[in-house]
Amino acid sequence: MAFLRAFGCFVPPDVVDNEALAARTGKDAATIEKNTGMRERRYAAAGTSVLDLGLAAAQDCLERAGVQADEIGLVLFSCGSVERCFPGPASSLAARLGMTTTPAIDLPIASAGSLVGIALAADLASRYGNVLVVAAEIMSRRVSDADSDTAMLFGDGAGACLVSRDSGFARIVDSAIHTDGNYAESLRLPLDGTLEMRGLDVIAQASRKIPRAIADLVARHGLTPADVGVFLMHQANLNLIKKVAAALKVPEEKFFVNIERYGNTSSASLLIAAAEWWGAGVKVEAPVVLAAFGAGFTWGAVLVHPA
């Protein structure tokens, strides 16, 4: 058994609104909001690394949980925008937290990495006790203004989640993770290039695969999507979230959304959204579903019940 014990997040202070982005890309500000639901996003300052963002989110999460770093048994760090191939940020994060023997593993899965991290943490908590899942992204440096359809989407930020074997505010019941590499080239980031995305392919696949994954997961536990109290999704595009809600035949209001303020922060977005949702003092009284879709064409959902 595993529990959600706390969430945390950090976003850079530099706000880039649609007007500023329009001046750089030539994409009309009103069109950006209509096509994405985004009004602004955050950009990391020069000299800031994904490790810096991830550390701030991790510290926020641990403080909210009332847990010290030496109580963590495993660190999982998701990032699709790392500054170098290796070492990844996981080991450096552990070191910055004062850990010298704690295992720390990188998950280089853009967009869906934090969901994969939570699913793995739920399975591994029985062995490691407290598992810290961190996701940090600086996608603003990995997009080109010349590709306005992609540049308008992404922002920077970090989120964190503490999964515990013993206690928490909600219980992780089950998860389902899927991958279809036949579509992997539709969302890619070359080592020496900028993000390349076939947006129509991504939306078409995500709008079908996410609802099916959610419906199948809750059905395994005798539930329907209507029984879910809150859906926490990767904040990729507001229109995608609306498509998922329509496919599941549930009100859009059941989906927590903060994309208008942060844009698409890739794998960090799910945890930033969850941190804001949980930080508002909610009490989990009905099932909660976390869901994401991302690089490698990896997608899935995690089902959470009241503790």
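This is a predicted model, so every value here is computed, not measured.

S.K.: Residue-level account of the packing of helix 1 (residues 18-25) against helix 2 (residues 29-36), with values.
M.R.: The axes of two packed helices give the description: the angle between them and the distance between them. Packing of helix 1 against helix 2 leaves a shortest axis separation of 8 Å and a crossing angle of 110°. With respect to helix 2, the axis of helix 1 lies roughly perpendicular. As for the relative orientation of helix 1 and helix 2, their crossing is right-handed in sense. Where helix 1 abuts helix 2, its residues Asn18, Glu19, Leu21 and Ala22 lie against Ala29, Ile32 and Glu33. Residue composition of the contact of helix 1 with helix 2, by class: four nonpolar, one polar and two charged.

S.K.: Describe the packing of aromatic side chains, listing the residues and the values that go with them.
M.R.: Using the criterion set out here, one finds seven aromatic pairs in the structure. Centre to centre, the rings of phenylalanine 231 and phenylalanine 255 are 4.6 Å apart; their planes meet at 10°, and the pair counts as stacked. Pair noted here: phenylalanine 231 is in strand 11 (residues 230-233) and phenylalanine 255 is in strand 12 (residues 255-256), with a separation of 24 residues, a long-range link. For phenylalanine 255, a relative accessible area of 5% gives the class buried. Chaining the aromatic ring pairs together yields one cluster made of Tyr183, Phe293, Phe297 and Trp299. Here the guanidinium or amino end of lysine 209 rests over the ring plane of tryptophan 299, the centre of that ring lying 5.3 Å away.

S.K.: Outline the environment of alanine 295, supporting the account with residue identities and numerical values.
M.R.: The residue alanine 295 is located in the loop between strand 13 (288-294) and strand 14 (298-306) in this model. Along the backbone, alanine 295 and phenylalanine 77 are 218 residues apart, and their C-alpha atoms lie at a distance of 16 Å. Beyond its immediate chain neighbours, meaning those up to four positions away, alanine 295 contacts Ile109, Ala110 and Leu187.

S.K.: So what about the pairing of strand 8 (residues 170-179)? Which residues, and what values?
M.R.: Of the pairings in the sheet, the one linking strand 1 (residues 2-10) to strand 8 comprises three bridges and is antiparallel in character. Paired with alanine 2 across the two strands is isoleucine 172, which belongs to strand 8.

S.K.: An account of the pattern of salt bridges is needed here, citing residue identities and associated values.
M.R.: This model, assessed by the stated rule, comprises 11 salt bridges. Residue aspartate 145 pairs with arginine 24 through a salt bridge whose shortest N-O separation is 2.9 Å. In this pair, aspartate 145 is assigned in the loop between strand 6 (130-138) and helix 6 (148-151) and arginine 24 in helix 1, connecting sequence segments 121 residues apart. Taking relative accessible area as the criterion, aspartate 145 reaches 28% and is therefore assigned partly exposed. On the accessibility criterion, arginine 24 (38% relative accessible area) is partly exposed. Arginine 96 is the salt-bridge partner of aspartate 52, the closest N and O atoms lying 3.4 Å from each other. With aspartate 52 in helix 3 (residues 50-65) and arginine 96 in helix 4 (residues 89-96), the pair connects residues that are 44 residues apart, well separated along the chain. Judged by relative accessible area, aspartate 52 falls into the partly exposed class, the value being 28%. Residue classification places arginine 96 among the partly exposed residues on the basis of a relative accessible area of 44%. Three or more residues joined by partner-sharing salt bridges are found here, namely Glu185, Arg188 and Glu196.

S.K.: Residue-level account of the confidence of the model for the protein chain, with values.
M.R.: For the protein chain, mean pLDDT is 97; residues scoring 70 or higher make up 100% of the total. Of all secondary-structure elements in the protein chain, the lowest mean pLDDT belongs to helix 6, at 94, while strand 6 reaches the highest, 99.

S.K.: How would you sum up the sheet that holds strand 13? Please name residues and give values.
M.R.: Reading across the sheet, the 10 strands line up as 5-4-6-7-1-8-14-13-11-12 and stay open at both edges, with mixed pairing between neighbours. A single partner strand is all that each edge strand has here, and the edge strands are strand 5 (104-107) and strand 12. Where strand 8 and strand 14 come together, nine bridges link them in antiparallel fashion. Following the sheet pairing, aspartate 174 is matched in strand 14 by leucine 303. Against the sheet, helix 5 (residues 113-128) contacts strand 1, strand 4 (74-78), strand 5, strand 6, strand 7 (156-164), strand 8, strand 13 and strand 14, and its axis sits at roughly 165° relative to strand 6.

What counts, and where the lines are drawn
Residues numbered from 1 in each chain as written. Predicted model: local features only at pLDDT ≥ 70, side-chain atom pairs only at ≥ 80, totals over all residues. Heavy atoms only, no water. Axes fitted to C-alpha atoms, helices over the stretch in contact; angles between N-to-C directions. Helix = DSSP H or I, 4+ residues; strand = E, 2+ residues; numbered from the N terminus. Parallel < 35°, antiparallel > 145°, perpendicular 65-115°, else oblique. Left-handed = near helix turned anticlockwise from the far one by under 90°. Contact = heavy atoms within 4.5 Å. Nonpolar A, V, L, I, M, F, W, Y, C, P; charged D, E, K, R; others polar. Phe/Tyr/Trp six-rings, centres within 6.5 Å; stacked < 30°, edge-to-face > 60°. Buried < 20%, exposed > 50% of the residue type's maximum accessible area, 1.4 Å probe, protein only. Lys NZ or Arg CZ within 6 Å of the ring centre and 35° of its normal. Pairing = 2+ DSSP bridges. Salt bridge = Lys/Arg side-chain N within 4 Å of Asp/Glu carboxyl O. pLDDT = per-residue confidence, 0-100.

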